[in-house]
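Fold and contact review
Each chain, letter by letter, is given below.
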Amino acid sequence: MRIAKRFLARLRNLLTRHQDDQRLKEEIAEHVTLQTSENLRAGLAPAEARRQALLKFGAVESITEDYRSERRFLFFDTLLQDARFALRVLAKSPGFTAVAILTLALGIGANTAIFSMAFSFLVRPLSIPNSDRVVAVSAVSPANFLDLKNQSKSFSALAAYRQEDVDLTGGRLPERLYGSRVSAGFFAVTNTNPQLGRTFLPEEDEPGRGRVAVLSYGLWKRRFSGDASVLGRTMDLNGRRCTIVGVMPGDFDFPAPTDLWMPLAMDTQDRADRKNASLNVVGLLKPHISLVRARAEIFAIGTRLSAAYPQPDKDLTIRVIPIVDSVEGSITRGYSILLLVAVGIVLLIACSNIANLQLARSVARQQEFAVRAALGASRWAIARLLLVENVLMAVLGGVASLGVASWSMSSIGSSMPADIARLIPGWYEIRLDGRALVYTLAIALVSGLLAGLMPALAVSRSAPGESLKEGGRTGRGPSRQRFRSALVVAQIVVALVLIVAASLIVSGFRRLAQVQERYSPKQLLIMAVNLPTSRYVTPADRVRFYDQALGRLRSIPGVTHAETFYTIPLSNNGTHWTNFAIEGRVPPSSQHQYPGAILQQISPGYLQTLSIPLVEGRAFVEADRGSSRPVAIVSQNLAGSYWPGANPIGRHIRVGGPDSSQPWLTVVGFTGNVLYDWTDQVPELAIYIPYTQSPPTETLLAVRSSGPAADFVTPARGAIAAIDPDLPVFGVMPLSQAIYESIVGLSIVGDMMAALGLLALVIALVGVHGVMAYSVAERTHEFGLRMALGAQRRDVLWLVSRRGASLTAIAIAIGFPLAIALARLLQGLIFGTSPMDLGLFVAIAALTIAVIAASCYIPARRALKVDPIVALRYE
């Protein structure tokens, strides 16, 4: 208790130190005055009386210091004194201070921006309360979900959902919406209350009673203008009248993206289904239940289900993972970690740059530090002074970095198309919040300590006696120069590696852009339709619609081709995968062992319209109809994998797994390979079948025109509306835009990596220039002596430039192997990455050499202007 009271008293006195000092002075003066009065009454002269009083009282300054040490935190007082002195020192060198603060502001600001993004993607992608207790269960069948819900004891609530797009018709133009069907308890799992109205009642999850909907905030604002009286209104969803019962808050978007939620309402047939793993399951763990315990329970239930239902549930494996891991893609995680590492390295370069400049600058301050040591300052006091100076610069840089971070995040946010941003969980959570501010402060303090540690250690180890000698050069020893050179080499190496990584990503994006040009995407307009089964019941109904749609689209003036297909080349979503079997091969024993391929239902002119070469065989023709022999075209890599060395034409293939009832298809041709999913890096196996033999409910329509695709949006929409005015047409855009939106994430990451690489190079450039400039200043006496003894100016130029050239050569020799190793690591993230791209490496080496040479040129020019007579009197 006594220690606590003493601590609080010192803390209070720290805030009232000026008043305490004044009271102490008055008290001391009063004691001296009283003693002086007694001495005067004793007969002493006034001067002698005061002198004797002071002698009796003791050393005033010593008493004052003892009082301060007893009543205050001297450490904080000393820090304040050091901070005030550091401000004066920094004010005397405005150029150095401005460069240092700007360097740290850029490094810390970039770190804050990337941290905010990575935190939103990896830690806070969902605005769900208690998200640490929400888990995702791997996709399961409806019957298995019901068993999990009935048998599990680890969850407060367990719910299932299935994303299902719906058509909104009536009133305005028909619109395609992102929908989610959810079971009872879904909103209890997410622990989110509606902004208006209510969520679903338990009885509304029963078949035939689920004709209600809860709107997202975005749909409410867009479609109903934020009208609070929307509750109770009806709207037509897939031709069925539904009642609006609630509106969710603006920050709730799970599963992303969702425009509205509808009851799952499984019927008897659905509840008995154990084959189709069509449901995603989420659960809220009970407060005392750990993830490990929940996993063990779900594993035990899965084992019992596998034993009870061996045919559909053989080898059943149910995974339980945190909800954050389920919504976060592997590519997002990979790029986020890559950017975090890159931006951390940039900050290290900035810190080493400041440390190097401070080391060089400390040479000019050797006399100052030596005088301080001679007057009694400890090594720690001198080192602390430099640490405080660097921390102060870092804090100022941290304050300035908030502007850099805000601008960076605004630029990144504006570069992402809105339709794509809503598909990325956590994108709208990116912001400068309290966590980012705490992170910035922590990074600033750590940066200041890192930047000041080496100079502080170097100064604390110097010999003050040598520094006080006239002409002493203790700061110019070979060990000090070697250390500074090592820092410069490290900066160049890291900058080189970052530039290589940035160049690889940018070149990967450019390769993708070059690949897409083979499809002439700017003249190809695409649009999506989804035929409701309530109106297009039979395959013949769907074929009739597609025939009419293609005919009307082809009749538009300026349209040269109109085709139908399913998957866009170079996309990383929207692909339609299917299992397949080869006639004559022993079928696999498990569904999971069946090979997979992308299935495309196309019109006869699709291959020609997208410039996909037909290697051998024939294309589809109008005669390939439902009544004719079922046919297929396969990709070249599929043919080579399953009929190696043989002609695949005339062979048979069947779409579907072991229970497939689809007919055997005769292969009539094979095409060149197409990269449909750019994240795969290699073209996928593909199977093409005519839409007339297997008409899909959802498809893409493509219009090739003689002019810009955007000019044909209105006529194309009108052509579809003339056939079915209630059918929504969505995703209308040029193919070039669709491909760009698919790879825009790679473009943004490439731009960010390029910015970080250039920033690292600029910081390294500033560091090299500063070190070379200080080196020239240190060696002014030497250069003067050399020229006085007959050295030519070119000799001095070579002497100065040689150091920069040697440092650059060492950095390139170290950096290139590291860059090659990095390229190998990035092969899984970057399209077309080659670890031995010699052309790219040579270009980066040339750029590095040119930049470093430019940074060395100005100090070298300064060395040539040295006057030998002046230089010999330099010290």
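You'll find the structure just up there.
The structure contained in this document is the topic of the report that follows. (Residues numbered from 1 in each chain as written. Predicted model: local features only at pLDDT ≥ 70, side-chain atom pairs only at ≥ 80, totals over all residues. Heavy atoms only, no water.)

Focus: the pattern of salt bridges
For side chains of opposite charge, pairing can occur when their charged atoms come near one another. As a reminder, the rule being used: Here, a salt bridge means any side-chain nitrogen of Lys or Arg that lies within 4 Å of a carboxyl oxygen of Asp or Glu. Here a helix means four or more residues in a row that DSSP labels H or I, a strand means two or more in a row labelled E, and each is numbered from the N terminus. Relative accessible area decides the class of each residue, using a 1.4 Å probe on protein chains only: under 20% of the type maximum gives buried, over 50% gives exposed, and in between gives partly exposed.
Here the structure, examined in full by the defined rule, presents 14 salt bridges. Note that arginine 222 and glutamate 175 form a salt bridge whose closest N and O atoms lie 2.8 Å from each other. Of the two residues, arginine 222 sits in helix α9 (residues 217-224) while glutamate 175 sits in strand β4 (residues 175-177), which places them 47 residues apart along the sequence. A residue is classified by how much of its surface remains accessible, and arginine 222, at 40% relative accessible area, is partly exposed. Aspartate 227 is paired through a salt bridge with arginine 233; the nearest N and O atoms lie 2.5 Å apart. Residue arginine 233 is classed as partly exposed on the basis of its relative accessible area of 33%. Among the ionic contacts, a cluster of salt bridges with common partners joins Glu175, Arg222 and Arg223.

So, α9
The cut-off we apply is this: To obtain the arc, one takes the directions from the helix axis to the C-beta atoms.
Within α9 the residues assigned to the buried category are Leu219, Trp220, Arg223 and Phe224. The arc that holds the buried residues of α9, viewed along the axis, is 100 degrees, so those residues lie on one side. Immediately downstream of α9, the backbone of serine 225 shows phi near 55 degrees, a positive value.

Regarding the packing of helix α7 (residues 142-151) against helix α11 (residues 291-308)
This is how it is decided: Interaxial angle, 0 to 180 degrees, is taken between N-to-C directions of lines fitted to C-alpha atoms, where a helix line uses only the stretch in contact. The labels follow the angle: roughly parallel below 35 degrees, roughly antiparallel above 145, roughly perpendicular from 65 to 115, and oblique for the rest. In a left-handed crossing the near helix is turned counterclockwise from the far helix by less than a right angle, and in a right-handed crossing that turn is clockwise. Contact between two residues is taken to exist if any of their heavy atoms lie within 4.5 Å; hydrogens are not considered. As a working rule, the residues Ala, Val, Leu, Ile, Met, Phe, Trp, Tyr, Cys and Pro are called nonpolar, Asp, Glu, Lys and Arg charged, and the rest polar, with Gly in that last group.
Contact pair α7 / α11: the axes reach a minimum separation of 11 Å and the direction vectors enclose 130 degrees. As far as their axial angle goes, α11 and α7 are oblique. The two elements α7 and α11 cross, and the hand of that crossing is right-handed. Taken together, the residues of α11 that come into contact with α7 (itself represented by Asn144, Asp147, Leu148 and Gln151) are Glu297, Ile298, Ile301, Arg304 and Leu305. Residue composition of the contact of α7 with α11, grouped by class: 4 nonpolar, 2 polar and 3 charged.

Observations concerning the environment of glutamate 583
For the record, the criterion: Polar contact criterion, stated in full: a pair of N or O atoms within 3.5 Å, where within protein one must be able to donate a hydrogen and the other to accept it, and residues adjacent in sequence count only if both atoms are side-chain atoms.
Mapped onto the elements of the fold, glutamate 583 is located in the loop between β15 (577-582) and β16 (596-602). C-alpha of glutamate 583 to C-alpha of isoleucine 653: the two residues are 70 residues apart in sequence and 6.0 Å apart in space. Those residues in contact with glutamate 583, other than ones at most four positions away along the chain, are His652 and Trp664. Of note is the side chain of glutamate 583, whose polar atom sits 2.8 Å from the side chain of histidine 652.

Digging into the nonpolar core
Note the threshold: Here, nonpolar core means buried Ala, Val, Leu, Ile, Met, Phe, Trp, Tyr and Cys residues that are tied together by side-chain atoms lying within 4.5 Å of each other.
Membership of the largest hydrophobic core comes to 73 residues, with the highest contact counts inside it found for Tyr606, Tyr688 and Met753. A total of 15 residues in this core trace back to one element, the largest contributor, which is helix α24 (residues 735-778). Apart from the residues within four sequence positions on either side, tyrosine 688 is in contact with Gln600, Ile602, Tyr606, Phe620, Ala632, Ile633, Thr671, Val674 and Tyr676. Listed in part, the 26 residues of the second largest apolar core include Val703, Ala716, Ile720 and Val729.

Overview of the packing of helix α6 (residues 94-122) against helix α15 (residues 379-415)
As a packed pair, α6 and α15 sit with axes 6 Å apart at the nearest point and diverge in direction by 45 degrees. Classified by the interaxial angle, the pair formed by α6 and α15 is oblique. Judged by the twist between their axes, the crossing of α6 over α15 is right-handed. Residue composition of the contact of α6 with α15, grouped by class: 18 nonpolar, 7 polar and no charged.

Structural notes on α11
Quick note on the threshold: Expected span of a helix: the number of residues minus one, times 1.5 Å.
Over its 18 residues, α11 extends 26 Å from the first C-alpha to the last, a length consistent with the 26 Å expected when each residue adds 1.5 Å. If you check which residues of α11 are buried, you get Ala294, Glu297, Ile298, Ile301, Gly302 and Leu305. Projected down its long axis, α11 shows its buried positions confined to an angular sector of 140 degrees, all on one face. Among the exposed residues of α11, those oriented more than 90 degrees off its buried face are Val292, Phe299 and Ala307.

Focus on the sheet that holds strand β13 (residues 524-530)
Heads up, the rule is: Strands are treated as partners if at least two bridges between them are detected by DSSP.
Across the sheet, which stays open at both edges, the 4 strands sit in the order β14-β22-β13-β23 with antiparallel pairing between neighbours. Across the chains shown, the open sheet's two edge strands, defined by having one partner strand only, are β14 (559-565) and β23 (730-734). Pairwise comparison of adjacent strand axes, ignoring direction, gives a mean angle of 15 degrees for this sheet. In the packing of helix α20 (residues 539-554) onto the sheet, contacts are made with β13, β14 and β22 (698-705), and the angle to β14 comes to roughly 155 degrees.

Here's the deal with unusual backbone geometry
For the peptide bond that leads from phenylalanine 254 to proline 255, omega is -10 degrees, which places it in the cis range. Take proline 255: it is sitting in the loop between β9 (240-247) and β10 (260-263). Residue alanine 256 is joined to proline 257 through a cis peptide bond whose omega torsion reads -10 degrees. Tracing the sequence through the fold places proline 257 in the loop between β9 and β10.

Brief notes about the pairing of strand β1 (residues 134-140)
A large share of β1 lies buried, amounting to 6 of its 7 residues. Relative to strand β11 (residues 279-285), β1 is paired through 5 bridges, and the arrangement is antiparallel. Paired with valine 134 across the two strands is leucine 284, which belongs to β11. Relative to strand β12 (residues 320-322), β1 runs antiparallel, the two being bridged by 3 bridges. Following the sheet pairing, valine 135 is matched in β12 by proline 322.

Points about the pairing of strand β5 (residues 179-182)
Here β5 shows a buried face lined by Gly179 and Arg181 and a second buried face lined by Ser180 and Val182. In terms of strand pairing, strand β2 (residues 155-163) meets β5 through 3 bridges, oriented antiparallel. Paired with tyrosine 161 across the bridge in β5 is valine 182. With 4 bridges connecting them, β5 and β10 associate as parallel partners. Directly across from valine 182, in β10, lies its bridge partner proline 263.

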